[in-house]
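Reading the structure
Listed below are the residues making up each chain.
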Amino acid sequence: MHGSREAPSGAASQALADDIAARGYGVVPALLGERDLATARAAVERVVTQLAPPSFYSASPLPIEHPEVPGPIEVTSVGLTMQRVHAAAPELAPLVLQPRSLEPIRTALGDAMQLEVLGAVVSDEVRPFFTWHTHIDREHEGARIRAGKWPDKPRVERVLMLVYLDHLDDDSGQLLVYPRAAGEPTAPPYRIEAESWPGEVALSLRAGDAVILEQCTWHAARPRQTAGRRSFIACYFASNDASHVEPTEPSLRSLMQ
């Protein structure tokens, strides 16, 4: 696996941005090459060892505090979530924030896009099927489900990039996505608890691949069938006029300069 940090061509960036708008997701294969992947894995594992979480799954949020690892940190139904992993493992930022990932996102969101989060998630075989969800306005899905109201989102204004540090396959649990074009309804087309949706796409990925998801794209994750962990680095990016954009943390702003 040999990743390249060279900037993609304008046509390649536009093609990926078009995918994000037309179907709600795009893939950057081998964003991390073998050496960078090993560095990223070691960095995340170092932070996990520092935190020593009691588990990697909890139906109710379990906050974790550590004097050397900035929070917020929780064990949730997602897994061990570290929203500011860049502060504890600064070597991660230049690995994932490279031209091959940033240029297509900038094409989709505009030159003034902001980096909102650079975090990481670690889960294991205890986590069951992770139900269908979106990341609209970075708000919890439960409030919209209870209210039965879903916003109109006519254009791409926020994306989530997941950089996987482990393979996704039948054993480790594929990522499921439900294609959606920008401007289409954002409400769930089927029950979010259903383990399969008609028209879903099951993504099998190699460690080091990155998936870029538009915020309204419904997606889910199959559970691991074998013992082991699944780790990924997660970044949120928003256009300068996206809804619910908070002031960018200085440490994140510096990473984009």
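Residue positions are counted from 1 within each chain, in the order its sequence is given. For this predicted model, a pLDDT threshold of at least 70 governs which residues receive local features, and a threshold of 80 or more governs which side-chain atom pairs are given and counted, while totals over whole chains, interfaces and linings are taken from all residues. Note: side-chain values were computed over all heavy atoms of the structure, leaving out hydrogens and water.

Re the overall build of the chain
Defined as follows: To qualify as a helix, a DSSP run of H or I must reach at least 4 residues; to qualify as a strand, a run of E must reach at least 2; elements of each kind are numbered from the N terminus. For this measure, only C-alpha atoms enter the radius of gyration; the expected value for a globule follows 2.2 Å times N^0.38, where N is the number of residues. Should any heavy atoms of two residues lie within 4.5 Å, those residues are considered in contact. Here the open area of atoms and residues is found with the Shrake-Rupley method and a 1.4 Å probe, where only the protein chains shown may cover a residue. Charge convention: Lys and Arg are scored as positive, Asp and Glu as negative, and His as well as the terminal groups of each chain are ignored. Taken as the charge location is NZ of Lys, CZ of Arg, CG of Asp or CD of Glu.
From N to C terminus, the chain includes seven helices and 12 strands. Its C-alpha atoms give the chain a radius of gyration of 17 Å, near enough to 18 Å, the size a compact globule of 257 residues would have. In the chain, the share of contacts with a sequence separation of at least 24, taken over all contacts with a separation of at least 6, comes to 80%. Accessible surface for the chain amounts to roughly 11,500 Å². Of this, 52% is attributable to carbon and sulfur atoms. Charged side chains of the chain number 24 positive and 33 negative; the gap between the two group centres comes to 1 Å.

A word on helix 5 (residues 99–109)
Applied cut-off: Burial classification: accessible surface area is computed with a 1.4 Å probe over protein chains only, and a residue below 20% of its type maximum counts as buried, one above 50% as exposed, and the rest as partly exposed.
Looking only at helix 5, the buried set comprises Arg100, Ser101, Leu102, Pro104, Ile105, Arg106 and Leu109. Just downstream of helix 5, Gly110 is the residue with a positive phi angle, here 105°.

Describing the sheet that holds strand 1 (residues 25–28)
Pairing between the strands of a sheet is mediated by backbone hydrogen bonds and can be parallel or antiparallel. Formally: In short, DSSP must find at least two bridges between two strands for them to pair. To get an axis, fit a line to the C-alpha atoms, keeping to the stretch in contact for a helix; angles then go from 0 to 180 degrees between the N-to-C directions.
Spatially, 1-10-7-12-5-4-3-2 is the arrangement adopted by the eight strands of the open sheet, whose pairing is antiparallel. Bordering the open sheet on either side are strand 1 and strand 2 (62–63), each of which pairs with just one other strand. One ladder, built from two bridges, connects strand 2 with strand 3 (residues 73–75); its direction is antiparallel. When the bridges of strand 3 are listed, Leu62 appears paired with Val75. Against the sheet, helix 2 (residues 34–51) makes contact with strand 3, strand 4 (80–82), strand 5 (114–124), strand 7 (158–164) and strand 12 (229–238), and its axis sits at roughly 105° relative to strand 4, the strand it touches most. Against the sheet, helix 5 makes contact with strand 1, strand 7, strand 10 (210–214) and strand 12, and its axis sits at roughly 165° relative to strand 7, the strand it touches most.

Focus on the sheet that holds strand 6 (residues 130–133)
The sheet built from four strands is open, its strands ordered 6-11-8-9 with antiparallel pairing. Every other strand in the sheet has two partners, leaving strand 6 and strand 9 (201–203) as the edge strands with one partner each. Taking the axes of each pair of neighbouring strands and ignoring which way they run, one obtains an average angle of 20° across the sheet.

Some words on helix 1 (residues 10–23)
The cut-off we apply is this: Given the number of residues in a helix, its expected span is that number minus one, multiplied by 1.5 Å. Here, the arc refers to the directions that run from the helix axis to the C-beta atoms.
With 14 residues, helix 1 should cover 20 Å at 1.5 Å per step; its first-to-last C-alpha distance of 20 Å lies within 8% of that length. Of the residues making up helix 1, those classed as buried are Ser13, Leu16, Ala17 and Ile20. All buried residues of helix 1 project into a common sector of 100° when viewed along the axis, lining one side. Away from the buried face of helix 1 by more than 90 degrees, exposed residues Ala11 and Ala22 are located. Among the structural elements, strand 1, helix 5, strand 7 and strand 10 are those in contact with the buried residues of helix 1. Gly24 sits one or two residues past helix 1 and shows a positive phi near 90°.

Concerning the side chain of Thr217
Definition in use: What qualifies as a polar contact is a pair of N or O atoms within 3.5 Å, subject to a donor-acceptor requirement within protein and to the restriction that residues adjacent in sequence count only when both atoms come from side chains.
Inspection of the secondary structure puts Thr217 in the loop between strand 10 and strand 11 (218–221). We classify Thr217 as buried; its relative accessible area is 0%. A polar atom in the side chain of Thr217 sits 2.7 Å from the backbone oxygen of Gly24. Leave out the neighbours within four places in its chain, and Thr217 touches Gly24, His133, Thr134 and Tyr178.

Digging into the side chain of Thr186
Along the chain, Thr186 turns up in the loop between strand 8 (175–178) and strand 9. Of the polar contacts made by the side chain of Thr186, one reaches the backbone oxygen of Pro151; its length is 2.7 Å. In this structure, Thr186 is in contact with Ile136, Trp150, Pro151, Lys153, Arg180, Cys216 and Trp218, ignoring residues within four places of it in sequence.

Points about the pattern of salt bridges
Our working rule: In what follows, salt bridge is the name for a side-chain nitrogen of Lys or Arg lying within 4 Å of a carboxyl oxygen of Asp or Glu.
Going through the model one piece at a time under the given rule, you end up with 16 salt bridges. Salt-bridge contacts for Glu157 lead to Lys153; the nearest nitrogen and oxygen are separated by 2.8 Å. We classify Glu157 as buried; its relative accessible area is 6%. For Arg155, the salt bridge is made with Glu157, and the minimal N-O distance between the two is 3.8 Å. Owing to a relative accessible area of 35%, Arg155 belongs among the partly exposed residues under this scheme. Via salt bridges that share partners, Glu116, Asp137, Arg138, Lys153, Arg155, Glu157, Arg158 and Asp241 belong to a single interconnected network.

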